[in-house]
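Listed below are the residues making up each chain.
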Amino acid sequence: MVPSGRNAERIVTEEGLFADVDFLSGTLVNGRKTGTRGANEAAFWIARRFAKNGLIPVGVSGSLSFRTGMTVGHNLIGLLPGQRKTAREYYTIVAAHYDNLGLINGTLYPGADSNASGVVAMLTLADMFKRMKDLGRSYGRNILFVALDAKELDSAGAAQLWDAIRSGRLHDPLDGTPITPDKIHSMVNLDILGSSLSPLRPDRKDYLLMLSAGHFTGDMLDANEGMNESLDVGFTYYGSENFTRLFHSRIGDQRIFLENGIPSALLTSGITMKTNKTEDTADSLDYEVFKKRIILIFRWLEKML
């Protein structure tokens, strides 16, 4: 008997989501600017969460370090293996960037929604898939959970990750084989997911945007229909073709993968009046809606895997 995904959904709480976002937007990590002590603190915290979830480290101790200009960044990668019964293994990447603006002239830019929310969503999804595996559920594809650095530096972390895949330098930690471009099934980017300040319609704060150029739409619609309380899901950026193209193909870490022919989706709750502002704090997010989004994304990923 296949265990129900509701077993995983029960572990997601608004209180837990707030605690995680609050840490990642707090003074210990100081805005998480790439190359700073705060970003390193955030990276250590994420690595500990990966280990707690039983993810298998990919790279040197689960980290791929890189240089962008005079700054050193760190991508963190953990593998959740699939069934691994076929000769040609496929991988889905679930990624979120953890860097932000840091301190500017002594003023903290917390980055709760941008993008502590995306990182917390990714970590919560890893929690949920770990729960399902513990219950005996297996998935057809491998999942690479990736915390990307240096999005604010022209997506340097995503570019470094792709370069490692393109050149065969990224290896599966279980059998040592290179994870090459032909083995990447899809890339899912979680970026700004916690607010309800920019709804698709004024009477619905429970919404989600998925920009994917038509990829995965059917599975998302099916997953949404299966929700007890479905979300208001949009597949364009507020109805604008130009902004949809901009945010899907030119802005965000999924851009690097799209440019190299990998089907990719951006999941977001949209830019708000607080994005990249000092007011982007943990208490400004809507955790009731945030929880619903994570559960919907989990259900959608289960259908894809």
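Whatever comes next refers back to the structure up there.
Residues numbered from 1 in each chain as written. Predicted model: local features only at pLDDT ≥ 70, side-chain atom pairs only at ≥ 80, totals over all residues. Heavy atoms only, no water.

## Quick look at helix H5 (residues 156-166)
In terms of burial, H5 is largely enclosed, as eight of its 11 residues are buried. Among all positions of H5, only Ala-156, Gly-157, Ala-158, Gln-160, Leu-161, Trp-162, Ala-164 and Ile-165 are buried. A positive phi of about 75° marks Gly-168, the residue just after H5. (Buried < 20%, exposed > 50% of the residue type's maximum accessible area, 1.4 Å probe, protein only. Helix = DSSP H or I, 4+ residues; strand = E, 2+ residues; numbered from the N terminus.)

## A word on the pattern of salt bridges
A pair can form between side chains of opposite charge whenever their charged atoms are brought close. Using the criterion set out here, one finds 15 salt bridges in the structure. Two residues, Arg-49 and Asp-20, come together in a salt bridge whose shortest N-O distance is 2.9 Å. With a gap of 29 residues between them, Arg-49 in helix H3 (residues 37-52) and Asp-20 in helix H2 (residues 14-24) connect regions that are remote in the sequence. The buried category is assigned to Arg-49, whose relative accessible area is 12%. One salt bridge in this structure joins Glu-41 and Arg-37, with 4.0 Å as the shortest N-O distance. Note that Glu-41 and Arg-37 are positioned in helix H3 at a spacing of four residues, about one turn of the helix. Accessibility expressed as a relative area gives 66% for Arg-37, which makes it exposed. Taken together, the shared-partner salt bridges connect Arg-6, Glu-9 and Arg-299 into one network. (Salt bridge = Lys/Arg side-chain N within 4 Å of Asp/Glu carboxyl O.)

## Topic: the nonpolar core
As a rule of thumb, nonpolar side chains are buried together in soluble globular proteins. Within the largest apolar cluster, 59 residues are counted, with the highest numbers of intra-cluster contacts made by Leu-125, Phe-145, Leu-190 and Trp-300. At 12 residues, helix H4 (residues 112-134) tops the list of elements feeding residues into this core. The residues contacting Leu-190, other than those within four sequence positions of it, are Val-94, Ala-95, Ala-96, Asn-115, Gly-118, Ala-121, Met-122, Leu-125, Leu-267 and Ile-297. (Core = buried A, V, L, I, M, F, W, Y, C linked by side-chain atoms within 4.5 Å. Contact = heavy atoms within 4.5 Å.)

## Quick look at the packing of aromatic side chains
According to the stated counting rule, one finds 10 aromatic pairs in the structure shown. A centroid spacing of 5.5 Å and a plane angle of 80° characterise the contact between Trp-162 and Phe-257, whose relative ring orientation is edge-to-face. One end of the pair, Trp-162, is in helix H5; the other, Phe-257, is in helix H8 (residues 254-258), and 95 residues separate them in sequence. Considered together, Trp-162 and Phe-257 belong to a single accessibility category, that of buried residues. Ring centres of Phe-216 and Trp-300 lie 5.8 Å apart, and the angle between their planes is 70°; this geometry places the pair in the edge-to-face category. Taken as a pair, Phe-216 in the loop between strand E9 (207-211) and helix H6 (217-225) and Trp-300 in helix H9 (residues 287-304) lie far apart in primary sequence, 84 residues in all. According to the relative accessible area criterion, Trp-300 is buried, its value standing at 0%. (Phe/Tyr/Trp six-rings, centres within 6.5 Å; stacked < 30°, edge-to-face > 60°.)

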